[in-house]
Structure formats: structure tokens, C-alpha cells
Amino acid sequence: MRCLTLADTLSRQGAAIVFVCREHAGNLCGLIEKRGFKVLRLPRRDDVDSFAWNRHARWLQTTRETDAQETLAALHDYCPLDWLIADHYALDAEWERCFRDVVGGIMVIDDLADRPHDCDLLLDQNLFLDQENRYQNLLPDDTLKFLGPRYVLLRDEFRRIKSKVRARPAQFQRVLVFFGGMDPGNLTSRVLPPLYSLEIPEICVDVVVGQTNPHCEEVRSMCRSLPGCHFHCQIDNMAELMVKADLAIGAGGTVGWERLFLELPAIAIATAFNQVHGLEVVHQHRALYYLGKEDEISDKVLIAALQSVRRGEISFNFPPVADKTNEVVAKIMSE
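Asker: Looking at this structure, I do not really get the overall build of the protein chain. What am I missing?
Answerer: When helices and strands are tallied, the protein chain shows 12 helices and 12 strands. Scaling as 2.2 N^0.38, a compact globule of 335 residues should have a C-alpha radius of gyration of about 20 Å, and the protein chain matches this with 21 Å. The principal-axis extents of the C-alpha atoms in the protein chain amount to approximately 65 × 35 × 35 Å. Burial status across the protein chain gives 52% buried among its 335 residues. If you take every contact in the protein chain between residues at least 6 apart in sequence, the share linking residues at least 24 apart comes to 59%.

Asker: What exactly am I supposed to notice about the sheet that holds strand S9 (residues 229-233) here?
Answerer: Across a sheet, strands are paired by hydrogen bonds formed along the backbone, either parallel or antiparallel in direction. The strand order across the open sheet formed by 6 strands is S9-S8-S7-S10-S11-S12, and the pairing between neighbours is parallel. In the strand order of this sheet, the two ends are held by S9 and strand S12 (289-293), each with one partner. Ignoring which end each strand starts from, the neighbouring axes of this sheet average 15° apart. As judged from the 5 bridges shared by strand S7 (residues 174-178) and strand S8 (residues 204-209), these two strands associate in the parallel manner. The partner of Val177 across the bridge, within S8, is Val207. Those strands touched by helix H6 (residues 187-196) are S7, S8, S9, strand S10 (247-250) and strand S11 (266-270), and its axis lies near 175° from that of S8.

Asker: Is there a simple way to think about the sheet that holds strand S6 (residues 144-147) in this case?
Answerer: Taken in spatial order, the 4 strands of this open sheet run S3-S4-S5-S6, and their pairing is parallel. The open sheet has two edge strands with one neighbour each: strand S3 (81-86) and S6. Strand-to-strand twist in this sheet, taken as the mean axis angle between neighbours without regard to direction, amounts to 15°. Note that strand S5 (residues 121-124) and S6 share 4 bridges and pair parallel. Bridge pairing in S6 links Leu123 to Phe146.

Asker: Quick question: what am I supposed to make of the nonpolar core here?
Answerer: Proteins that are soluble and globular tend to have nonpolar side chains buried together. Residues Phe172, Val177, Val205, Ile267 and Leu306 are the most contacted members of the largest nonpolar core, which totals 34 residues. It is H6 that provides the largest number of residues to this core, a total of 5 residues. If you look at the next biggest cluster of nonpolar residues, it comprises 33 residues, including Val255, Leu260, Ala270 and Leu288.

Criteria and thresholds
Residues numbered from 1 in each chain as written. Predicted model: local features only at pLDDT ≥ 70, side-chain atom pairs only at ≥ 80, totals over all residues. Heavy atoms only, no water. Helix = DSSP H or I, 4+ residues; strand = E, 2+ residues; numbered from the N terminus. Rg over C-alpha atoms; globule rule 2.2 N^0.38 Å. Buried < 20%, exposed > 50% of the residue type's maximum accessible area, 1.4 Å probe, protein only. Contact = heavy atoms within 4.5 Å. Pairing = 2+ DSSP bridges. Axes fitted to C-alpha atoms, helices over the stretch in contact; angles between N-to-C directions. Core = buried A, V, L, I, M, F, W, Y, C linked by side-chain atoms within 4.5 Å.

This is how it looks when you write it as C-alpha cells:
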């Protein structure tokens, strides 16, 4: 989704964009094409028994060498390329070096800082302690780094609606529930009963799931049984729902920065290990209320958090987000 945001902006400024995606289960190739971009599809694979180069290697479903060869073959008719933009936790410098002869520059989108890269530009839009030193010894000395939430890749809908942001009441009445497109642990269904146990008069709850959510029908059915609960699937008006909401319940990742940009108070639960540190740091800045990892959260913990917010015991402060995003685009377009 963050690549789509970048592609939309680059396309409006005259860039020709093509995506290369492997047809993993739950892929969004169709959505990318619906947004008007060409997608070169690599076949789904599961042909390697041992994935050892990093802890996300299995997500590639093949070796780096095979993936690079198949990507180069798919891009043959488009080379040479001005830029290659890589956003995948299994890919590193060894994969990136395979493309040096056919691209002008390489950009990497990352937030783990756990492997070396051979790139000219790195974007890490998350907030971390000791931000400037996280990629020490992992990048070439001349790599341009865009670090922190000032560089979040926000969709235009969020910028357009920013002027409608309002102060939210502690006595929240409208709640947005969204745990990302997949939500494999079905946190969406888990948080609704504790929320409704508060018996908030005239409560309105917007529940959002992605089209690849394996629990979609279960969530839809639950929403139908709850008063004031509205079900949404694969929507394009998330910013509108955020502006209307008094409180959000959700995960980390890009959606977390979208909430912060629109100054929406949130109770957050980590649904993946790579969200934990970022959520902890944002919690320290009092920009959200972080409860912990999904396997640590009970109904009792969530209810206590909701009650604390309603009593005004939790205050929220919002750091500046996404005021320099265009610098990323300008750098790519100027090379």
C-alpha cells in the first residue's frame, strides 16, 4: 500500500510505473491493476527447504538468486530503468546488486534495520530511538536517508481532509476498528465484545477489514448483530472515517501514522513483531496508548484501557507527521 501511494504521486509527476509482484496467497495484484498500474506477475513458489539469510527469508518463497533472475526477466522489455524501488523484508544487498547494471538508482523502503542494503536512497518512515544510527554499517556511506514520520507516504485523501481535524472528546462515542488488511489473529472480532460491554449510549463503530482478511464473513456477521456497528471492506475513504472517529483501536504500521497525521487518539495492539518497538516509542511520546502484543491482550486489559480513556486519564500528544514527503518524490524525479 505504501508503494501504491508513492506510485500515485510519481505518476502524477510524469513517471512511468510498473510493479513486479509474486503471486503469493492474498496478493494485491488485482488492486494494483485497478489503480491503473501495470503488474508483472512472478509465479508462486515454495521450492526451498532452508531459508537462512534472514528471519523473513521464507516470505520470498524462493532464493534471492532465483527471485532476482525472474524479476530481471520480467523487466527485460522495460530496461534500463531510472529507479528500482524495493519493499520486501527478505531482500537485501545481495539481491539489490543484481540490478546495478540495468537501473540508474535503487531505493529501499525498510523499517527493520536488520540487514545490509546496496541502495542510493533509503526510506524508513517510522519513529525509533537513536534513529540516525540504526542503519550504521548497513548502507553505503553515500546513501541518502529519509528517516522518521516526517517522511510517511500518506495518500492524498489524508492531506485533503487534514483541515477537518477536530479535538476529540474523552467520552468517545464513535470508534474506528481496523487491524490491517489481513488480521490473521482476528483481533477485529476479539475487541468488539469488550468494547460493547461498556454499554456506551448511541455508540457508533466503524469496522474495516481488507479484501484478503480470512475472517471477513465472521466479522461481517458479528457487526450485523451489534447495534450501531458498520462493516466496511477494502474501502478508499479511510481518512474520512478517521476524521469522524473519536477513538481508534488498531495495530501499528502505516495506518498508525495515518492516525497520527489526523490526530486521532488510538489504543494500539501489535500484530507483528516488527511493530512492537515503534509502538513502544510512540507510546512513550504519548501519541497513542499501546497495550502490547496480540497474544498478551485480554478482554480485561482492553476494557481497562477503554475506561481509562473515557475517564480522561490518558492524554494524547501528536508529533509532526509527513511534512516532507514530497522531498522523497522530488529526489527520485530529479535523478
